[in-house]
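# A closer look at the structure
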Amino acid sequence: MRYIFKFPDIGEGLEEGVIVQWHVDKGQKVKMGESLVTMETDKVVTEIPSPRDGVIAARYGSEGETIKVGAALVEIELNADEVGDSPIEDKPKVESVEEDGAGVVGTLEVAGNDFVLTASKEGVSEQKENKTRHTKALATPVARAMAKDMGIDINLVRGTGPAQRVMKEDIQNHAKQDSKTPIPQLSSTKNLLEDRLEIEPLSQIRKTIAKNMIQSKHNAAHMTVFEEVEISELDRVRKKYKDYFKDENIRITYLAFIVKAVALALKKHKSLNAEMDMDKGVMIYKKYYNIGIAADTEKGLVVPVIKNADKLSVKEIALEIQTLADKARDGKLSMDDMKDGTFTITSYGSIGGLFAVPVINYPQAGILGIGRISKQPIVKDDKLDIGLILPLSLSVDHRIADGGETSRFLNRVMSYLNEPVGLLID
Amino acid sequence: MSTQPVLYAYNLPDYTIFESLKDFDYYIGEPDNIYIVLGRSNNIEGAINCENVKKDGIITLKRPSGGESVILSPNMLIFSFKQKSDKIQNPANLFKLINSKLIENLSKLGIENLYSKGISDLSIGEKKIMGSSMFTKNKTIFYHGVLNISEDVELIEKYLKHPSKEPDYRKKRSHREFVSSLQREGYNLTKAELTTAIENSILEIREAFID
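Residues numbered from 1 in each chain as written. Chains lettered and ligands numbered in written order. Predicted model: local features only at pLDDT ≥ 70, side-chain atom pairs only at ≥ 80, totals over all residues. Heavy atoms only, no water.

### Side note on the overall build of chain A
Stated precisely, the cut-off is as follows: Each helix is a run of H or I in the DSSP string that is no shorter than four residues. Each strand is a run of E no shorter than two, and both are numbered from the N terminus. Each residue is placed in one exposure class: buried if its accessible area under a 1.4 Å probe, protein chains only, is under 20% of its type's maximum, exposed if it is over 50%, and partly exposed if it falls in between. Here a residue-residue contact requires only that any non-hydrogen atoms of the pair lie within 4.5 Å. Surface exposure here means Shrake-Rupley accessible area, sampled with a 1.4 Å probe, where a residue is shielded only by the protein chains that are shown.
On a plain count of helices and strands, chain A comes out with ten helices and 20 strands. Out of the 426 residues in chain A, the part that is buried amounts to 45%. Restricting the contact set of chain A to residue pairs at least 6 apart, pairs at least 24 apart contribute 63%. Summing over all exposed atoms, chain A offers an accessible surface of approximately 22,600 Å²; the carbon and sulfur share of this is 51%.

Encoded structure:
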């Protein structure tokens, strides 16, 4: 059986660590307690011992690479000794155990967060009879969270993992069995709920999104202004240069122009590039212009940042957007890619929607929402014409930016987008 | 000519205990000079003001443990301990335990408003007075911390850049606003008094290992 050992949460509240040095290679025999890898987090550099005897079937990440907490570090073939040194099966039975309270110095006991946790062979005796427990159940963190969310007493759940550790699947099975228990007066309701609800634990990214959104709504005074800007000229310029840079594999998008327009406008409207520190009673005006781009990924919302956007050309911004988008899609964004933003742009128009009330990326002062571009009738030189209309929604923290300054900022952004030659002149 | 100072491996006296044959050992003392100590992953250009450091001839070291760069000076106390053990420690909990013991023993000297902040800092109110980090190797934990007794924070401002990572409670404050010393906070304690308090803390922590 193959055992996946994941990079455990050290308890520092950090989300990642860096691989300093591998001490094992694929195919190498390891004993429990032998050092697998040296990892570094913010304050600790530590060797992580093997939680099991076995043979390294796979290892993940190279030296210098950043690994997320919860990501697989190694796979250990547990039965290698019993079957001699035979090659590792192609499709082994995989047991994935997530650790809690273990710390990066590694241990498998997950019954609690005791200060001292001793690694032991307890988890290996899988064939022992599953006796009734009278003590706190061993369980993975995911299983604990799921049991808590579902109101299940985890100590009553039969664990099928090593040392009767309760796994995620055990909770799901327990819930199913529980819902199938014949209670005449409630059975129909239970079946109905089972059909209508799907409960899953919150991912780390979802928790972070939730925390940030609530923090923004609680701390900032949101105000949103809506506008429309005619961008036929911008469209013409974009199309021209889109073809021009095609050979260099650079996609010149509307967003690249918008980022540049926002960065230049922020230089002239400093309150939109500021943050307020209420504790110290000061306003902090930032003299750097780092534009965050809210990106929709499979795992949730992320906001990579284009640093010093005011100093980049539209072409360079387009290239940077491309790079960050690729990283976001592949789940390879680093903390460095996402920090130090001073203003955010969220572009939902490509998916759908004209206007929105974007939530400020707190503690920033503003966020600009980009809606769906559409052809619309416009009046030009007292004649009816067809215009290309871009809807804009600007949310600001009204504690920092007053209404007048907010409108002036938005007017300037619109001016750049309406007459893009201004992006070259300013 | 390069403006970068030469970077040496960490070799201050406290590190010798890591090499000692004892399972448990500790060191408390004051540095004999001003040193800049980079964390294991710190980049010299990103961490320190190279020009000032080189001009003043400050010795720059790189320690094997994590964390950001620090300055050591004779107006500070460095304290370290090693513990070899088959028992596996949770580093975050170990930091908490150490800080709780330090708070307990430093409070006995009359220091008030002591808090454990960030991952491993000690503060008076919101001002940091002690930082620490650790590493483990061959089932041995090596912990080291530095307590600012009376060093002027301008020294830090002069030589260290703003760190690439910071604890939440720093809130982007400059070194000048973030760091303090016992003296600056109104506590004029002798090194002997502080050494005893730290020594008691370390010995109590050892009890936790034995238990």
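We are not done yet, so read on.
### Notes on the overall build of chain B
From N to C terminus, chain B includes seven helices and eleven strands. Split into buried and exposed, the 211 residues of chain B put 53% on the buried side. Partitioning the intrachain contacts of chain B with sequence separation of at least 6 by distance along the chain shows that 74% fall at a separation of at least 24. A total of about 9,400 Å² of accessible surface is found on chain B, and carbon and sulfur atoms cover 48% of it.

### A few points about the packing of helix H6 (residues 254-268) of chain A against helix H7 (residues 314-330) of chain A
All names here are of chain A. Rule in force here: The axes used here are C-alpha line fits, helices contributing only the stretch in contact, and every angle between their N-to-C directions lies in the interval 0 to 180 degrees. In this scheme the crossing of two helices becomes right-handed for a clockwise turn of the near helix relative to the far one and left-handed for an anticlockwise turn of less than a right angle. Residues are grouped as follows: Ala, Val, Leu, Ile, Met, Phe, Trp, Tyr, Cys and Pro are nonpolar; Asp, Glu, Lys and Arg are charged; all remaining types, including Gly, are polar.
Running from N to C, H6 and H7 cross one another at 115°; their axes reach a closest spacing of 9 Å. At the point where H6 passes H7, the crossing takes the right-handed sense. Of the residues in H7, those in contact with Leu255, Ala256, Phe257, Val259 and Lys260 of H6 are Val314, Ile317, Ala318 and Ile321. Residue composition of the contact of H6 with H7, by class: eight nonpolar, no polar and one charged.

### Re the sheet that holds strand S1 (residues 7-9) of chain B
What links the strands of a sheet is backbone hydrogen bonding, and the strands pair in either a parallel or an antiparallel sense. Residue and element names in this part refer to chain B. Stated formally: Any two strands between which DSSP finds at least two bridges are classified as paired.
Ordered by their spatial adjacency, four strands build an open sheet running S1-S4-S3-S5, and the pairing between neighbours is mixed. A strand with exactly one partner marks an edge of an open sheet, and here the two such strands are S1 and strand S5 (70-72). Here the strands of the sheet are splayed against their neighbours by 35° on average, with no regard to which way each runs. As paired elements, strand S3 (residues 35-38) and S5 share three bridges and run antiparallel to each other. Paired with valine 37 across the bridge in S5 is valine 70.

### Some words on the confidence of the model for chain B
The line we're drawing: Note: pLDDT gives the predictor's confidence per residue, expressed from 0 to 100.
Per-residue confidence for chain B gives a mean pLDDT of 89; residues scoring 70 or more make up 96%. At the low end of the mean pLDDT range in chain B sits strand S7 (residues 88-89) of chain B, at 60; at the high end sits strand S9 (residues 121-124) of chain B, at 95.

### Some thoughts on the pairing of strand S8 (residues 114-117) of chain B
As paired elements, S8(B) and S9(B) share four bridges and run antiparallel to each other. The partner of B:Lys117 across the bridge, within S9(B), is B:Asp121.

### A few points about the pattern of salt bridges
Residues and elements named next belong to chain A. For the record, the criterion: Throughout this description, the term salt bridge denotes a Lys or Arg side-chain nitrogen within 4 Å of a carboxyl oxygen of Asp or Glu.
Counted under the stated rule, the structure contains 20 salt bridges over all chains. Across the pair arginine 236 and glutamate 233 runs a salt bridge whose closest N-O atoms are separated by 2.7 Å. With arginine 236 and glutamate 233 both in helix H5 (residues 232-244) and three residues apart, the pair spans about one turn of that helix. Of the residues examined, arginine 236 reaches a relative accessible area of 49% and is grouped as partly exposed. For glutamate 233, a relative accessible area of 32% puts it in the partly exposed group. Note that arginine 408 and glutamate 405 form a salt bridge whose closest N and O atoms lie 3.3 Å from each other. Residue arginine 408 and its partner glutamate 405 are located together in helix H9 (residues 403-418), separated by three residues, close to a single helical turn. Taking relative accessible area as the criterion, arginine 408 reaches 47% and is therefore assigned partly exposed. Each of Arg2, Glu75 and Glu77 takes part in a single network of salt bridges with overlapping partners.

### Observations regarding the environment of A:Val421
Residues and elements named next belong to chain A. Along the chain, the position of valine 421 falls in the loop between H9 and helix H10 (422-425). Exposure remark for valine 421: the relative accessible area of 48% places this residue in the partly exposed category. Between the alpha carbons of valine 421 and valine 237 there is a distance of 9.3 Å; along the sequence they are 184 residues apart.

### Topic: unusual backbone geometry
In this model, A:Tyr362 is joined to A:Pro363 through a cis peptide bond whose omega is 10°. Relative to the helices and strands, A:Pro363 is located in the loop between strand S17 (343-347) and strand S18 (366-370). The residue B:Asn113 is not glycine, and still its phi comes out positive at about 55°. The residue B:Asn113 is located in the loop between helix H4 (91-107) and S8 in this model. Taking the relative accessible area as the measure of exposure, B:Asn113 reaches 48% and is therefore partly exposed.

### A short note on the nonpolar core
The line we're drawing: Put simply, buried Ala, Val, Leu, Ile, Met, Phe, Trp, Tyr and Cys residues joined by side-chain atoms within 4.5 Å make one nonpolar core.
A:Val259, A:Val262, A:Ile291, A:Phe343, A:Ile345 and A:Leu368 are the most contacted members of the largest nonpolar core, which has 52 residues in total. Of the residues forming this core, the biggest block, eleven residues, is contributed by H6(A).

### Focus on the pairing of strand S2 (residues 16-22) of chain A
Residue and element names in this part refer to chain A. Along S2, five of the seven residues are buried, which leaves the element largely enclosed by surrounding structure. Where S2 meets strand S7 (residues 66-68), three bridges bridge the pair, whose relative direction is antiparallel. In the sheet register, valine 18 faces S7, and the bridge partner there is threonine 66. Where S2 lies against strand S4 (residues 35-40), four bridges are found, and the strand directions are antiparallel. In the sheet register, tryptophan 22 faces S4, and the bridge partner there is valine 37.

### Topic: the packing of aromatic side chains
In plain terms, the rule: Side-chain rings of Phe, Tyr and Trp, where Trp is taken by its six-membered ring, are said to pair if the distance between their centres is within 6.5 Å; with planes under 30 degrees apart they count as stacked, over 60 as edge-to-face, and otherwise as tilted. Charges are assigned to positions over rings by a cutoff of 6 Å between ring centre and Lys NZ or Arg CZ, combined with an angular limit of 35 degrees from the ring normal.
Evaluation of the coordinates by the stated rule reveals 18 aromatic pairs over all chains. Taking the centre distance of 5.2 Å and the plane angle of 90° together, the rings of A:Tyr244 and A:Phe245 count as edge-to-face. Accessibility expressed as a relative area gives 59% for A:Tyr244, which makes it exposed. Judged by relative accessible area, A:Phe245 falls into the buried class, the value being 12%. Relative to B:Phe142, the ring of B:Phe135 has its centre 5.5 Å away and its plane inclined at 45°; by these criteria the two rings are tilted. A single burial state applies to B:Phe135 and to B:Phe142, both of which are buried. These aromatic residues form a ring-pair network of at least three members: B:Phe24, B:Tyr26, B:Phe79, B:Phe81, B:Phe95 and B:Tyr143. The ring centre of A:Tyr285 lies 4.3 Å from the NZ or CZ of A:Lys270, which sits over that ring.

### Topic: H7(A)
All names here are of chain A. Using the following cut-off: The span you would expect from a helix comes to 1.5 Å times its residue count less one.
Along its 17 residues, H7 runs 24 Å from first to last C-alpha, staying within 8% of the 24 Å computed at 1.5 Å per residue. Buried within H7 we find Val314, Ile317, Ala318, Ile321, Gln322, Leu324 and Ala328. At the C-terminal side of H7, glycine 331 shows a positive phi close to 65°.

### A word on H9(A)
Here H9(A) contains 16 residues, and its C-alpha end-to-end distance of 22 Å stays within 8% of the 22 Å for a straight helix at 1.5 Å per residue. A:Glu405, A:Thr406, A:Phe409, A:Leu410, A:Val413, A:Met414, A:Tyr416 and A:Leu417 are the residues of H9(A) that are buried.

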